[in-house]
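# Structural overview
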Amino acid sequence: MSVPPRTAAVWVPDWPVVAAMSAQEVPAHRPTVVHDGRRVTAVSAGARAHGVRRGMRRRHAQEVCPDLVLLGLDPGRDVRAFEPVAEAVESVVPGVEVARPGLLLLPAGGAARYHGSEPALAGRLVDAVGERTGHEAQVGVADGPGAAVLAARGGMLVPPGEVVGFLAPLGVTELVHVATGPVVRQVHELVDLLARLGVRTLGDLAHLPRADVHARLGAVGVWAHQVASGQDGRPAAVRRLEPDLVVHGDLDPPVGRVEAAAFAARRLAEELHTTLVDRGLGCGRLRVTARTEHGEELVRVWRTDTALGGSSAAHVTDRVRWQLEGWLTHRTGPEPGALTWLELRAEDVLDLTTEQGRLWGETNGTDRRAHRALLRVQGLLGAESVLGAQVQGGRDVRDQVHLVPWGEDLPPARPASAPWPGRLPTPAPATVLVEPRTVRLCGADDTPVQVDARLHVHPEPAVLRWTAPDGPREAAVTGWAGPWPLVQRWWGPGADRAVYLQVGLRGGDALLMVLREGRWSVEARYD
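So, here is what we can say about the structure in this document.

Turning our eyes to something else, we now look at the packing of helix H10 (residues 184–196) against helix H12 (residues 210–228). Packing of H10 against H12 brings their axes to within 11 Å, and their N-to-C directions diverge by 100°. Considered as vectors, H10 and H12 are oriented roughly perpendicular to each other. Within the contact between the two elements, H10 uses Gln186, Val187, Leu190, Leu193 and Leu194 and H12 uses Arg216, Leu217, Val220, Gly221, Trp223 and Ala224. In terms of residue class, the contact of H10 with H12 is made up of 8 nonpolar, 2 polar and 1 charged.

Dropping the structure here:
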């Protein structure tokens, strides 16, 4: 069995609430929490001293501590505020991985040898964060990133080979602190399930056969078993900080014609591309900024992972030229006036030697031509002429679709990670109809199916009837699931009261149906 690499974790306790207090200039002694509108998600040390705990409902937390300061959840704020901490750590060790705001991982083997020992490395990291940012950090070192995270929470340096003994007495709830990204909610559910099964500690989990864990708990269970067994061997991904690259120029005289703007854009785009190539760098985003003679500033940010990655200067030039065409000829609102200044900024700059190619090779020529065609359409008709779909928070299938300009890097309007009580269960339907289709859902005796106040479905759904262009049609119902009630904006005249039902038809079709005001309609189809 291979030994996981030595990994160091740098942890700033209670980071979401620390970042929020700093942004809102809340004094450090005030008890403060961050909440998502319903529950507390992060708690300051002062609030904990009054008995406030993460997961409490907001009103309960206020009852426990009447002087509590409530600050809203803002993941973007947490990320932006954490960048100085990452830079401070990188002044000691040149490569780090940002696991999440408040937590950094880095390979400890070579860094410890360079600084003399693991305790010396930990001391340097704590001092660098404190001196450069004023934040208190804790450092843990252990075999593997999972154990390192848990060691950092106690400020411990676990000797090599002793990670199993360190992990064994810890509760399974500690897995929540190791999880990052979209699996956090799954890990919360896993911890609840393990507690109900009588698995209380990481040692208990490690003693279970991994094959049985996989069969019962799936991929997230295998991950948890690896962490509990001290076999989380994933090395920390190196994050090499590269500054943004910027090229800009004054447009004198001011430019109001597309051809003249395109000429200026080409010069700057070629200069930016040449700089990137000379330094062996790539960028994840391109920010185009222009100023007009009226003092207005126009900004657009574009992802460049496929549009510019591994491409020639022509791709950069085309992207900027098409953007300027959209601004100068097809922009809605007040006239922007002639352009007086143009800036191109390469953001998320990285060393191309750290980029790994796709498993089955790069995109083919057809993909690239299609990509360029879409960019061209946007440049001619405006960014909002080509839209892509994002998943956002919501309860019904239409609320969860957010349309954004294609290729633009915008956050969803509503966070999908929020609780959204009453949301329809997974899996989501594959196709949402543009307009719901009115149908008749009937029982075996042709009586329309209804749902009463106690959510009893009667009679049993047996047949679905609808009108097609070629005449009446019907299909037998082979199975159904639900119902799921949904009530939104109940306090106002625009209240939406509906009941959803999943229906399977003979032939294999599966539909999501909704009952509103006594009428059934098909909302979406499943694959």
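Pairing is mixed in the open sheet, where 3 strands are placed in the order S3-S2-S4. For this open sheet the edge positions go to strand S3 (40–43) and strand S4 (69–72), each flanked by a neighbour on one side alone. Mean inter-strand twist for the sheet, computed between neighbouring axes without regard to direction, equals 30°. Alignment of strand S2 (residues 32–35) against S3, held across 3 bridges, turns out to be antiparallel. In the strand pairing of S3, His35 is matched with Val40. Helix H1 (residues 15–24) rests against S2, S3 and S4 of the sheet, and its axis sits at about 105° to S2.

Glancing now at the pairing of strand S1 (residues 6–11). Counting buried residues in S1 gives 6 out of 6 residues, a clear majority hidden from the surface. Every second residue of S1 is oriented toward a common face, with Arg6, Ala8 and Val10 on one face and Thr7, Ala9 and Trp11 on the other, all of them buried. Where S1 lies against strand S7 (residues 138–143), 6 bridges are found, and the strand directions are antiparallel. Bridge pairing in S7 places Val10 opposite Val139. Pairing geometry for S1 and strand S6 (residues 103–107), over 5 bridges, is antiparallel. What sits directly across from Ala9, in S6, is Leu105.

Cut-off values and rules
- For every chain, the first residue of the written sequence is number 1, and numbering continues from 1 onward in sequence order.
- At least 70 in pLDDT is required for a residue's local features to be given in this predicted model, at least 80 for side-chain atom pairs to be given and counted, and no such filter applies to totals for whole chains, interfaces and linings, which use all residues.
- Each side-chain value is derived from all of the structure's non-hydrogen atoms; neither hydrogens nor water enter the calculation.
- To get an axis, a line is fitted to the C-alpha atoms, and for a helix only the part in contact is used. The angle between two axes follows their N-to-C directions and goes from 0 to 180 degrees.
- Under the scheme used here, helices are H or I runs from DSSP no shorter than 4 residues and strands are E runs no shorter than 2 residues, and both carry numbers assigned from the N terminus.
- Note that the term roughly parallel is reserved for angles under 35 degrees, roughly antiparallel for angles over 145, roughly perpendicular for angles of 65 to 115, and oblique for everything else.
- When checking whether two residues touch, look at their non-hydrogen atoms; a contact exists if any pair is within 4.5 Å.
- Here the nonpolar group is Ala, Val, Leu, Ile, Met, Phe, Trp, Tyr, Cys and Pro; Asp, Glu, Lys and Arg are the charged ones; every other residue, Gly included, is treated as polar.
- The pairing criterion is simple: DSSP has to find at least two bridges between the two strands.
- The classification of residues rests on relative accessible area computed with a 1.4 Å probe and restricted to protein chains. Under 20% of the type maximum is buried, over 50% is exposed, and intermediate values are partly exposed.

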